[in-house]
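Summary of the model geometry
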Amino acid sequence: MKLTAAILVAGIVGVAALGYQAHQIAGSVPYLFHRNAELKAEGYYMAEFEFRMLGIVKKLSDGDYLDAYSTLHRLRRQMDSGDGLVKMPADTSAKARYEFLLSRQDPITGAFMSPDYPAFTFVAPTLNVVEALDGLAKEIGEPLRLRYPLRFLDAIATPEALRAYLDAHLYTGRFWAEHLPGPGVYGPGISELAYVDLFETTGTYRFTPAWHAAFRDWLDATQDPESGMWGARMGTPSAFETKRDANSTYHILHYLLTDDGADRDPAHPLQHADALARSLMQAVTAPMPAGEDEQHAWSLDQAQATQILTRRLWMHLDDAERAAVRSALEVALTERYRLLDEVKGGFTIYLGSPADVDGTTTALGLIEATGSLPGTTDRARLWGEIEAPAVDTVSTVSPAAIELPDNPAINSFRLYAGSTLTVADRDQPIAVVYPSGKGLVRDVIDLRQSVGRFLAGAGASFGNWSTADSIRNSALHPDVTVPTVPVLKVGRRLGDAIGDIGKDAPDLLLIGYDVFQRPVFARHCRVGG
């Protein structure tokens, strides 16, 4: 998450202790986030960066200003010089990437994170790398074997140690909560523990049933009944307010609910579902804010709130609530496409930054959760069985003379050769067409080849929390090997934009799709008739 604003303010707060150093903190932080984006684009492994910045925030919040300054100064020097930074291997084979990621493990702690930072930063990057390694191990046909045990988890391996650790990271000062977009220390320190099942399923670490019971008890006790959400408590144990944190709530619900919303442990049923739904709807429909820090936090909150509502919380919603969610999804899609990088083809995490694997993975997660990708369970859950529209037939002297209907529900058209459309041909149009004023939300054919172009030219294959492999294996199925489909922007007629496309076809089929990729119009055009 972006921490620029919080650390800038912290530099001012600590000015009496830091003096000139505070001025340098203020200048370093925005630069480091831009430098991180540049280094990722150049192919450097930067998976630890944002967690290192959170470690610095923790030092500042604890009043360790000199330690925070020296750590930040050391990080800037490293990112300027490149000393100690490594690039992802030029050999892009699964074996080479597997060996490279294994080499990033610390031999003492076992974490995939520098031991120079607070222990709460170890969980999230280690989960990210273990997940990537597990996928690569399956790809190369070998069992996953880490080089060292995950010893850092031993410190919280008993129920008593876990509770003490969780309580130590639950509270934050109101100052920090108000000046820190996103979940802050609570995110990687607490909510990411919701994915410990990954350690257990990969055989890299195992907790006892008593540990899991203690964790669920603690989560039940710290859910905010007013908002239904989880997050850092702003204040003290005697007087606090829970921060409404969609990002952390998203992670925690993974631990408490199955993918379809059933309770993982009947002894710990989901509470305050109605309040939670209302809070999440606010996150889904919130417009993109100004400022990179705020956009970064919004980007994650919007995507994850959408996924909670349309997946884990769906069975807990009544018909009216479901209808409200469906109506909000178009707003979420439209806002997300503002982050599409037209040049690179992927998505950014905030305006002005280059497209990267993190921004693209986050965007595709939201798009899939809106039921916009054919063949997914999200589509079936949200929209049911989608009926094909009735086909009318017209005659036209040429493809250029084909007129487009003025239908506000249509976002894009696909033009096919022939008079009928089979399932096998659905993804093989001869053109994608955007009528005037439409196309901010991309047709899935256009999006698929756009993301494929991004993958072909991407620098880093490993971001701060996601990988290029996760994009390749996503429900979008981007594939750079298939022929490119022409994308046209036209007025009321196809006109000159159509060129020679379909010139020898006696029959053309024009299908209109809404923003959720549902067919809402169909016309068979007899050419030359």
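In this text the structure is predicted, and so the values were computed from the model without any measurement.

Let's talk about the sheet that holds strand β2 (residues 233-236)
Strand order across the open sheet formed by 3 strands is β1-β2-β3, with mixed pairing between neighbours. For this open sheet the edge positions go to β1 (171-172) and β3 (239-242), each flanked by a neighbour on one side alone. Examined bridge by bridge, β2 and β3 share 4 bridges and lie antiparallel to one another. Along β3, the bridge assignment pairs T236 with A239.

A short note on the environment of P107
Structurally, P107 is set in the loop between α6 (94-102) and α7 (123-140). Considered as a pair, P107 and R97 are 10 residues apart in the sequence and their alpha carbons are 19 Å apart. If near-sequence neighbours (up to four positions away) are discounted, P107 is found in contact with Y148 and R151.

Focus: the packing of helix α15 (residues 292-312) against helix α17 (residues 357-369)
Axis separation between α15 and α17 bottoms out at 9 Å; the angle between their running directions is 30°. Viewed along their axes, α15 and α17 adopt a mutual orientation that is roughly parallel. In this structure, α15 crosses over α17, and the sense of that crossing is left-handed. Listed contacts from α17 to S299, L300, Q302, A303, T306, Q307, T310 and R311 of α15 are T362, G365, L366, E368 and A369.

Comments concerning the confidence of the model for the protein chain
Taken residue by residue, the protein chain gives an average pLDDT of 89. The fraction at 70 or more is 92%. Taken together, the stretch residues 1-6 has pLDDT below 50 and engages in 31 contacts with residues farther than four places along the chain or on a different chain. Contacts for the low-pLDDT stretch residues 8-24, under 50 throughout, to residues beyond four places or in other chains number 22 contacts.

Quick look at the environment of L366
Within the secondary structure, L366 sits in helix α17. C-alpha of L366 to C-alpha of D356: the two residues are 10 residues apart in sequence and 16 Å apart in space. What L366 contacts, discounting residues up to four positions off in sequence, is Q302, A303, T306, Q307, A332, L333 and R336.

Some points on the packing of aromatic side chains
Throughout the structure, instances matching the rule amount to 11 aromatic pairs. Here Y171 and F240 contribute two aromatic rings whose centre-to-centre distance is 5.9 Å and whose plane-to-plane angle is 80°, an arrangement assigned as edge-to-face. Here the residue Y171 occupies a position in strand β1, and F240 occupies one in strand β3, the gap between them amounting to 69 residues. Since its relative accessible area comes to 36%, F240 is described here as partly exposed. Their ring planes at 45° and their centres at 4.8 Å tell us that F215 and Y255 sit as a pair that is tilted. Here F215, found in helix α12 (residues 209-222), pairs with Y255, found in helix α13 (residues 246-256); they are 40 residues apart in sequence, far enough to count as distant. One exposure class covers both F215 and Y255, and it is buried. Taken together through their ring pairs, the aromatic side chains of Y205, F207, W211, F215 and Y255 make up a single cluster.

Concerning the nonpolar core
Judged by nonpolar contacts, the single largest core of 127 residues is most densely connected at L101, L133, L193, L280, L309, L313 and I367. Considering each element in turn, this core owes the most residues, 9 residues, to α7. Excluding residues within four positions of it along the chain, I367 makes contact with L333, Y337, F347, S372, L373 and L447. Counting 18 residues, the second largest nonpolar core, distinct from the first, contains F413, L488, L494 and I501.

Points about the pattern of salt bridges
Under the defined criterion, the tally for this structure stands at 25 salt bridges. Residues K95 and E99 are paired through a salt bridge, measuring 3.4 Å at the closest nitrogen-oxygen approach. One end of the pair, K95, and the other, E99, are both in helix α6, 4 residues apart, so they sit about a helical turn from each other. R523 is the partner of D392 in a salt bridge, and the nearest nitrogen-oxygen pair spans 3.0 Å.

Examining the packing of helix α14 (residues 273-285) against α15
One can describe the packing of α14 onto α15 by two numbers: an axis separation of 8 Å at closest approach and a directional angle of 140°. On the basis of the axis angle, α14 is oblique to α15. Seen from above, α14 lies across α15 with left-handed handedness. Across the interface between the two elements, A277, L280, M281, A283 and V284 of α14 pack against D301, Q302, A305, T306, I308 and L309 of α15. Looking at the contact of α14 with α15, its residues break down into 8 nonpolar, 2 polar and 1 charged.

Things to note about the sheet that holds strand β4 (residues 391-396)
Read across the sheet, 6 strands follow the order β4-β9-β8-β5-β6-β7 without closing on themselves; strand pairing throughout is mixed. Two strands bound the open sheet, and with one partner strand each, they are β4 and β7 (487-489). On average, each strand axis in the sheet is inclined to that of its neighbour by 25°, with strand direction left out of account. The sheet contact formed by strand β5 (residues 412-417) and strand β8 (residues 507-513) spans 6 bridges and is antiparallel.

Considering the environment of A277
Inspection of the secondary structure assignment puts A277 in helix α14. C-alpha of A277 to C-alpha of A324: the two residues are 47 residues apart in sequence and 10 Å apart in space. Residue contacts for A277: discarding those within four places in its chain leaves L309, L313 and L317.

A word on the side chain of T376
The topology assignment puts T376 in the loop between α17 and α18 (377-383). A polar contact of 2.8 Å, which involves the side chain of T376, links it to the backbone oxygen of L373.

Details of the layout of surface pockets
In this approach a probe as big as a water molecule rolls over the atoms, and the regions it shows empty are the leftover space. Estimated volume of the second largest pocket: approximately 480 Å³. Along its surface, the second largest pocket is lined by 24 residues, and A388, L421, R426, Y513 and P519 are the ones closest to its centre. Every element with two or more residues in the lining of the second largest pocket is listed here: β8 and β9 (519-527). For the lining of the second largest pocket, the class distribution of residues is 13 nonpolar, 5 polar and 6 charged.

The rules we used
Residues numbered from 1 in each chain as written. Predicted model: local features only at pLDDT ≥ 70, side-chain atom pairs only at ≥ 80, totals over all residues. Heavy atoms only, no water. Pairing = 2+ DSSP bridges. Helix = DSSP H or I, 4+ residues; strand = E, 2+ residues; numbered from the N terminus. Contact = heavy atoms within 4.5 Å. Axes fitted to C-alpha atoms, helices over the stretch in contact; angles between N-to-C directions. Parallel < 35°, antiparallel > 145°, perpendicular 65-115°, else oblique. Left-handed = near helix turned anticlockwise from the far one by under 90°. pLDDT = per-residue confidence, 0-100. Phe/Tyr/Trp six-rings, centres within 6.5 Å; stacked < 30°, edge-to-face > 60°. Buried < 20%, exposed > 50% of the residue type's maximum accessible area, 1.4 Å probe, protein only. Core = buried A, V, L, I, M, F, W, Y, C linked by side-chain atoms within 4.5 Å. Salt bridge = Lys/Arg side-chain N within 4 Å of Asp/Glu carboxyl O. Nonpolar A, V, L, I, M, F, W, Y, C, P; charged D, E, K, R; others polar. Polar contact = N/O pair within 3.5 Å; in protein donor to acceptor, adjacent residues only side chain to side chain. 1 Å grid on protein atoms, 1.4 Å probe; cavity = no way out; pocket = protein on both sides within 12 Å on 5 of 7 lines; lining within 4 Å. Points joined across faces, edges and corners; volume = space filled by probe spheres on them.

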